[in-house]
Amino acid sequence: MQPVLTVEQMRAVDEAAQACVPLDVLVQRAGTAVAVEVLAALGGSGGAYGRRVAVVAGPGNNGSDGRVAAGILERRGARVQFFDAKAPPSEIAGADLVVDAAFGTGFRGSYDSPRVPAGVEVVSVDVPTGIDALTARARGEAVRASHTVTFGTAKPGLFL
């Protein structure tokens, strides 16, 4: 059985983890997990070389996870392009894969995801941006992820 925690329960788990492990270590681990998923989606560790990866990164921990993943992917030869989640483009063209590291489970408000061409995979960090992690209700034009790398446990909104 896979555990599922609400956002509030996960926040308490995160606080307990940070009491034992420095935040930068947790971010490094999370970013590495995202990079591993991206590499698999691109066809394995050799699949990143020369590939174009767009990263939509926000100001919080999700954005930090995305930036760590981007650094790993760049070291594997990927060409990474960053977009600010606070002012994303209306469309992301020319990417082989998109990393959605815009906002996480604590996001409030509405988000209009950039359009991604058909066939381009999207890897979301923790929860697709614009999806309520508790109810799965979309706020605005939420990200449509091909893959979601979540941490600790799954959130109810990933199953609803």
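To be clear, the structure that these remarks concern was listed above.
In this text the structure is predicted, and so the values were computed from the model without any measurement. (Residues numbered from 1 in each chain as written. Predicted model: local features only at pLDDT ≥ 70, side-chain atom pairs only at ≥ 80, totals over all residues. Heavy atoms only, no water.)

Asks: Sorry if this is basic, but what is going on with the side chain of Asp65 here?
Replies: By the element assignment, Asp65 lies in helix H3 (residues 61-75). We note that Asp65 is buried and unpaired, the nearest opposite charge coming from Arg67 at a distance of 8.6 Å. The contacts of Asp65, once residues within four sequence positions are left out, are Val27, Ala30, Gly31, Val125 and Phe151. (Helix = DSSP H or I, 4+ residues; strand = E, 2+ residues; numbered from the N terminus. Buried < 20%, exposed > 50% of the residue type's maximum accessible area, 1.4 Å probe, protein only. Lys, Arg positive; Asp, Glu negative; His and termini not counted. Salt bridge = Lys/Arg side-chain N within 4 Å of Asp/Glu carboxyl O. Contact = heavy atoms within 4.5 Å.)

Asks: Help me out: how do you make sense of the packing of aromatic side chains in this one?
Replies: Note on aromatic pairs: each is described by the distance of the centres and the angle between the planes. Applying the stated criterion to the full structure yields three aromatic pairs. Plain terms: the ring middles of Phe103 and Phe107 are 4.7 Å apart, the flat faces sit at 25° to each other, and that makes the pair stacked. Here Phe103 and Tyr111 contribute two aromatic rings whose centre-to-centre distance is 5.9 Å and whose plane-to-plane angle is 75°, an arrangement assigned as edge-to-face. The exposure classification of Phe103 matches that of Tyr111, with both residues buried. One aromatic cluster is present, formed by Phe103, Phe107 and Tyr111 through successive ring pairs. (Phe/Tyr/Trp six-rings, centres within 6.5 Å; stacked < 30°, edge-to-face > 60°.)

Asks: Would you explain the pairing of strand E4 (residues 121-125) in this entry?
Replies: Sheet faces and side chains relate simply in a regular strand, where the side chains alternate between the two faces. Among the five residues in E4, four count as buried, and that is most of the element. Bridge count between strand E3 (residues 97-101) and E4: four bridges; the pairing is parallel. Note that in E4 the partner of Leu97 across the bridge is Glu121. The sheet contact formed by E4 and strand E5 (residues 147-149) spans three bridges and is parallel. When the bridges of E5 are listed, Val125 appears paired with Val149. (Pairing = 2+ DSSP bridges.)

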